[in-house]
Amino acid sequence: MLHDEGGTGRPILLLHGLMGSSRTWSRHVPWLREHGHVYTFDAAGHGRPIDGEPTTELFVDDLAAALGDLDGMDEPLTVIGHSMGALHAWCFAAAHPDRIRALVIEDMAPDFRGRTAQDWAAMVSAWPQPFPTEESVLEYFGEVAGRYFLDSFDRRPDGWYLHGTVETFRDISEEWGTRDFWAQWDAVRAPALLIEGEFTITPEGQMRRMLEGHDARYVWVAQAGHLVHDDQPERFRAAVEEFLASLG
């Protein structure tokens, strides 16, 4: 589901990470409106049904369909993606190069082969749902991850619930452990900004390797985990604004 967040100028599309939602970008939308017309997107399986196996190709096709339904969306996009959203951003750019002006890739790499999500899915299944209050979410996950999940979970009369199935989230992640996405990345021709947190989830050295053969720049952010834009929001903003200014 695509959301028009306002602003004027060239379109900027924000794609969230696994188990996130369009609302996880809410603290960045105001300043991004100064640089263009901002849109956010809720991926399939995240608060809305998913029609088929949750492959990366399905997500790219779903995004393409949503953008195709938007009147006036003819100008190439700058896409800012976090984690899963970053992967979908560059795979979309590979499949639809004419639709992309530039990419911002936050803490995601092309090759996670050999990793499994089974233990992680078991942990998520054990979360004490529902969380009765906002404070209980923050206490359980901490301030940064807690805000991410408050922006994502479904709020019901008796509390806060996961906004998708553990099985769907597990299957999305499991795909990354069985294949790599170097070919899709190598097909990208748009300029790109690669942002990696000090406490990244990505395999060591991969994001720097992504610079090879690309019109790309790399920023390493100290004291940032996987949620760079929430851990170090001012550093994230500075890097993105410098990149956007360089596009002319």
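Quick note: structure is the one above.
Given the structure is predicted, the values throughout are model-derived calculations rather than measurements.

How each quantity is defined
Chains are numbered independently. Their residues run from 1 in the order of the written sequence. Local features in this predicted model are restricted to residues of pLDDT 70 or higher, and side-chain atom pairs are both shown and tallied only at a pLDDT of 80 or more, whereas totals for entire chains, interfaces and linings draw on every residue. Only heavy atoms go into the side-chain values, all of them from the structure, while hydrogens and water stay out. A run of H or I in DSSP counts as a helix once it spans at least four residues, and a run of E counts as a strand once it spans at least two, with each numbered from the N terminus. Each residue is placed in one exposure class: buried if its accessible area under a 1.4 Å probe, protein chains only, is under 20% of its type's maximum, exposed if it is over 50%, and partly exposed if it falls in between. Pairing between two strands is assigned when DSSP locates at least 2 bridges connecting them. To get an axis, fit a line to the C-alpha atoms, keeping to the stretch in contact for a helix; angles then go from 0 to 180 degrees between the N-to-C directions. By nonpolar core is meant a set of buried Ala, Val, Leu, Ile, Met, Phe, Trp, Tyr and Cys residues that side-chain atoms within 4.5 Å join together. Contact criterion: two residues are considered in contact whenever any of their non-hydrogen atoms come within 4.5 Å of each other. In these notes the angle categories are as follows: under 35 degrees is roughly parallel, over 145 is roughly antiparallel, 65 to 115 is roughly perpendicular, and the rest is oblique. For this classification, the nonpolar set comprises Ala, Val, Leu, Ile, Met, Phe, Trp, Tyr, Cys and Pro, the charged set comprises Asp, Glu, Lys and Arg, and every other residue, Gly included, is treated as polar. Two N or O atoms form a polar contact when they lie within 3.5 Å of each other; inside protein one atom must be a possible hydrogen donor and the other a possible acceptor, and for residues adjacent in sequence the pair counts only when both atoms belong to side chains. Note on aromatic contacts: the rings of Phe and Tyr and the six-membered ring of Trp form a pair at centre separations within 6.5 Å, being stacked when their planes are under 30 degrees apart, edge-to-face when over 60 apart, and tilted otherwise. Ring-over charges, as used throughout, are those where CZ of Arg or NZ of Lys falls within 6 Å of the ring centre and within 35 degrees of the ring normal.

A. Expanded view of unusual backbone geometry. The linkage connecting Gln129 with the following residue, Pro130, adopts the cis geometry, with an omega of -5°. In the Ramachandran plot, Met19 falls in the positive-phi region, its phi being about 70° despite a non-glycine side chain. The phi torsion at Gln223 lies on the positive side, around 60°, for a residue other than glycine. Along the polypeptide, Gln223 turns up in the loop between strand S9 (216-221) and helix H10 (228-231).

B. Geometry of helix H5 (residues 134-141). Those residues of H5 not exposed but buried are Ser136, Val137, Leu138 and Phe141. Immediately downstream of H5, the backbone of Gly142 shows phi near 90°, a positive value.

C. How the structure looks around the sheet that holds S9. Here seven strands make up an open sheet; going across it, the order is S1-S3-S2-S4-S5-S8-S9 and the pairing mixed. Where the open sheet ends on each side, the last strands, each with one partner, are strand S1 (2-6) and S9. The sheet shows a mean angle of 20° between the axes of neighbouring strands, direction not considered. With four bridges connecting them, strand S5 (residues 100-106) and strand S8 (residues 192-197) associate as parallel partners. Counterpart to Ile105 in the pairing with S8 is Leu194.

D. Quick look at the nonpolar core. Core analysis: the biggest nonpolar cluster contains 60 residues, and Leu13, Trp90, Leu103, Ile105, Trp127, Trp176 and Trp185 have the highest contact counts within it. Residue contributions to this core peak at eight residues, all from helix H3 (residues 84-95). Once residues lying within four places of it in the same chain are set aside, the contact partners of Leu13 are Leu2, Tyr39, Thr40, Phe41, Leu63, Leu67, Leu77, Thr78, Val79 and Ile80. Trp31, Val219, Val221 and Val228 belong to the second-largest nonpolar core, a separate cluster that totals 21 residues.

E. Broad picture of the packing of helix H2 (residues 56-68) against H3. Here H2 crosses H3 at 70°, and the two axes come no closer than 9 Å. Of the possible angle classes, the one that applies to H2 and H3 is roughly perpendicular. Residues Thr56, Phe59, Val60, Leu63, Ala64 and Leu67 of H2 lie in contact with H3, whose contacting residues are Leu87, His88, Cys91, Phe92 and Ala95. Of the residues contributing to the contact of H2 with H3, the split by class is nine nonpolar, two polar and no charged.

F. Structural context of the environment of Asp231. Among the secondary structure elements, Asp231 is positioned in helix H10. Judged by relative accessible area, Asp231 falls into the partly exposed class, the value being 28%. Linking Asp231 and Ala145, residues 86 residues apart in sequence, is a C-alpha distance of 9.2 Å. Beyond its immediate chain neighbours, meaning those up to four positions away, Asp231 contacts Val144, Gln223, Ala224, Gly225 and His226. Here the side chain of Asp231 touches Gly225 through a polar contact of 2.6 Å, landing on its backbone nitrogen.

G. Molecular detail of the pairing of strand S3 (residues 37-41). S3 sits mainly inside the fold: five of its five residues count as buried. Along S3, one buried face is formed by His37, Tyr39 and Phe41 and the opposite face, lined by Val38 and Thr40, is buried too. Note that S1 and S3 share four bridges and pair antiparallel. Bridge pairing in S3 places His3 opposite Thr40.

H. Structural view of the packing of aromatic side chains. Throughout the structure, instances matching the rule amount to 13 aromatic pairs. Their ring planes at 20° and their centres at 6.0 Å tell us that Phe131 and Phe153 sit as a pair that is stacked. Note that Phe131 is positioned in the loop between helix H4 (118-125) and H5 and Phe153 in the loop between helix H6 (143-150) and strand S6 (154-156), a separation of 22 residues in sequence. With a relative accessible area of 3%, Phe153 lands in the buried category. Among the aromatic residues, those joined into a cluster by ring pairs are Trp127, Phe131, Tyr140, Phe141, Tyr148, Phe149 and Phe153. Directly above the ring of Tyr161 sits Arg156, whose terminal nitrogen or CZ lies 4.0 Å from the centroid.

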